[in-house]
Amino acid sequence: IPVDPFDLVIFGGTGDLARRKILPGLFRRFCAGQMPPQARIIGAARSELDKGGYREMIREAIAEFGGDLTGTEGRLDPFLDRLDYVAIDARGEGGWSELAEMMKGTERIEAYYFSVAPALFGDIAERLQKWGMADDRARIVVEKPFGRDLETARALNKTLATYFNEDQIYRIDHYLGKETVQNLMAVRFGNMLFEPLWNSQYVDHIQITVAETVGVGGRGEYYDKSGAMRDMVQNHLMQLLCLIAMEPPARFSPDAVRDEKLKVIRALEPVASHHIVRGQYQAEPMNEAENPGYRTAVENPRSRTESFISMRTEISNWRWAGTPFYLRTGKRMAARSSEITVVFKDTPHSIFEEDAGRHRNVLSIRLQPNEGITLGVTIKEPGPGGMRLIDVPLDMTFAEALDPEDIEQVDAYERLIMDVIRGNQTLFMRGDEVEAAWAWTDPIIEGWEARNDVPKPYDYGSNGPTDSEELMRREGRAWREVS
Ligand code: NAD
């Protein structure tokens, strides 16, 4: 279904994110017929380019980052025709009157994507207002990181609120744009099967893993000031935690969903120091030059920033009291994998012989790669061997259950941008949610800073420090294999 005509201005339209994700995503939506022919996309960045130069830059970006382009033949030029460019100085006056002129007098939806360093968010918001572009029709899209602690997040919310209402502000967390994340809500709230069991009585524990194989790459300087807690846990992992743990909202509407997520964050217990494991990756053996260890990569030999963290927390409410939630994320791990796992309790009594084996039901929601949902159920091992129990997956992997031809692969960014145009904030973080998340993470970070905690080294391509395995083992549990 095509969205209404819109003008999308991308501040930072020449940057890495715009070239890798935003514009290739918009091209796919264009090819899918979702973008009306009148739509305009205006790149606004520092480089002195003209319209033609920008179109060439994006042509190359789509060739490089656009993925499989079969079936899009003949579509690229009409798409590039939708592009315009203005060289702008977010901190000065250059380019603003030109942009204001371009945006004048249209009745379309106006969206401004802030794909620039967060330090520029306030400057851009201020200038949008000054040049008459911050009226009630405008929507702004804000990238992460949203602050680095509660104080800075509050200040940023306050600045944005000076120029825009909350219903105009779209704080992006691209994890929320993933197909499986929405499917998680469909599975939880569209079936009778799961919700009655979705509580501390039937669930032994829940684990959330976001494992990356990449290191800090070229982001070393930024990353070393941030670390896994700020870069991944405060936003992505907490968002996933909210969706898995929240009460059923009355409606699938933005504020109903976000109210329930907020309640989860506010009910999170503080994390005790013995429930946190922090780590730093080591160099790849025999290949140190190409894949150096964390401290070398960030050029800070005494760095105490974590590239890995695992922790155990609880949610203090009627549904979840006493159920552990284990979170884990890190770089240079064994595989790239994002997964939420719900491990159900043992049956109260086994009627089978002890050597028949015993399995727990495990529901795993996989975000990447191979998005899908799998439920492990116990059955009798087929054959003449008597009553032996095995665990088999009831598979809801989309690619197998549905005809792949029928599934349109939509990347998180393109889905979220289309939601901005539709004016649907359900999959975006509200200001109070972000602040509540920082209010939970701040004391944890302050705790390890006060203790002068030094992250434990962990092997390249491993699952973090051995202490992380111990965090689970001492409670008779184990992490799911990262694969
Ligand atoms: P980048 O450094 O590649 O690009 C920055 C862009 O901002 C460029 O287009 C540049 O011209 C523009 N810019 C810089 N100073 C400017 C000024 N004074 N006036 C006007 N334009 C100016 O950055 P990026 O990697 O594209 O990241 C952009 C934002 O997205 C950041 O907030 C980043 O944290 C966030 N983000 C990026 C990624 C990613 O994968 N790159 C992922 C998540 C979030």
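Residues numbered from 1 in each chain as written. Predicted model: local features only at pLDDT ≥ 70, side-chain atom pairs only at ≥ 80, totals over all residues.

### Regarding the overall build of the protein chain
Here is step 1: Along its length, the protein chain carries 14 helices and 15 strands.
Here is step 2: Over its C-alpha atoms the protein chain spans a radius of gyration of 24 Å, differing by no more than 12% from the 23 Å that the globule rule assigns to 483 residues.
Here is step 3: Here the C-alpha coordinates of the protein chain stretch approximately 80 × 55 × 50 Å along the principal axes.
Here is step 4: The contacts of the protein chain with a sequence gap of at least 6 include a subset with a gap of at least 24, amounting to 78%. (Helix = DSSP H or I, 4+ residues; strand = E, 2+ residues; numbered from the N terminus. Rg over C-alpha atoms; globule rule 2.2 N^0.38 Å. Contact = placed C-beta atoms within 7 Å.)

### Overview of the environment of Ala334
Here is step 1: In this structure, Ala334 sits in the loop between strand S10 (325-330) and strand S11 (337-344).
Here is step 2: A residue is classified by how many C-beta atoms lie within 10 Å of it, and Ala334, with 17 of them, is partly exposed.
Here is step 3: Apart from residues no more than four positions distant in its own chain, Ala334 is found in contact with Gly461, Ser462, Asn463 and Val482. (Buried ≥ 20, exposed ≤ 12 C-beta atoms within 10 Å, placed from the backbone.)

### Here we look at unusual backbone geometry
Here is step 1: At the junction of Lys144 and Pro145, the peptide bond is cis and its omega measures out at 0 degrees in the coordinates.
Here is step 2: Relative to the assigned elements, Pro145 resides in the loop between strand S5 (138-142) and helix H6 (150-163).
Here is step 3: Residue Pro369 is reached from Gln368 by a cis peptide bond, and omega for that bond is -15 degrees.
Here is step 4: Its place among the elements puts Pro369 in the loop between strand S12 (362-368) and strand S13 (372-380).
Here is step 5: Residues other than glycine seldom take positive phi values, yet Asn370 does so here, at roughly 55 degrees.
Here is step 6: Mapped onto the secondary structure, Asn370 falls in the loop between S12 and S13.
Here is step 7: Using a count of 12 C-beta atoms within 10 Å as the deciding quantity, one classes Asn370 as exposed.

### Details of the pairing of strand S4 (residues 109-114)
Here is step 1: Most of S4 sits inside the fold, with 5 of its 6 residues counted as buried.
Here is step 2: Pairing geometry for strand S1 (residues 6-11) and S4, over 6 bridges, is parallel. Following the sheet pairing, Leu8 is matched in S4 by Ala111.
Here is step 3: In the sheet, S4 pairs with S5 via 5 bridges, with the strands oriented parallel. Its bridge partner lying in S5, Glu110 is registered against Ala138. (Pairing = 2+ DSSP bridges.)

### Quick notes on helix H1 (residues 16-31)
Here is step 1: Its 16 residues give H1 an end-to-end C-alpha distance of 22 Å, which sits within 8% of 22 Å, the value for a rise of 1.5 Å per residue.
Here is step 2: Of all the bends in H1, the greatest reaches close to 30 degrees and is centred on Ile22; the proline Pro24 follows between one and four positions later.
Here is step 3: Among all positions of H1, only Ala18, Arg19, Ile22, Leu23, Pro24, Gly25, Leu26, Phe27, Arg28, Arg29 and Phe30 are buried.
Here is step 4: Backbone geometry just downstream of H1 places Gly33 in the positive-phi region, at approximately 80 degrees. (Expected span 1.5 Å × (residues − 1). Bend = angle between axes of the 7 residues up to and from the residue.)

### Considering the nonpolar core
Here is step 1: Of all hydrophobic cores here, the largest spans 126 residues; its most connected members are Phe11, Tyr112, Tyr113, Phe114, Val141 and Leu241.
Here is step 2: Split by domain, the residues of this core number at least three in each of domain 1 (6-143) and domain 2 (176-408 + 429-473).
Here is step 3: Ignoring anything within four residues of it in the chain, the contact list for Tyr112 reads Val9, Phe11, Leu128, Ala138, Ile140 and Val141. (Core = buried A, V, L, I, M, F, W, Y, C linked by C-beta atoms within 7 Å. Domains from an automatic or database assignment.)

### What about the site of the ligand?
Here is step 1: The immediate surroundings of the ligand are formed by 22 residues, with Gly12, Gly15, Asp16, Ala45 and Ala90 found nearest.
Here is step 2: In terms of residues, the shell around the ligand owes the most to one element, H1, which gives 3 residues.
Here is step 3: Among the residues forming the shell around the ligand, the class breakdown is 10 nonpolar, 6 polar and 6 charged. (Near = placed C-beta within 6 Å. Nonpolar A, V, L, I, M, F, W, Y, C, P; charged D, E, K, R; others polar.)

### Details of the UniProt feature "binding site: substrate" (unreviewed entry) in the protein chain
Here is step 1: If you check UniProt for "binding site: substrate" (unreviewed entry), the listed places come out as His174, Lys178, Glu212, Asp231 and Lys331 in our numbering.
Here is step 2: The residue Lys178 is located in the loop between strand S6 (169-171) and helix H7 (179-190) in this model.
Here is step 3: Filtering out sequence-adjacent residues up to four positions away, Lys178 remains in contact with Leu367, Glu371 and Ala412.
Here is step 4: Inspection of the secondary structure assignment puts Asp231 in helix H8 (residues 220-245). (UniProt positions renumbered as here; feature names shortened; annotations may be inferred.)

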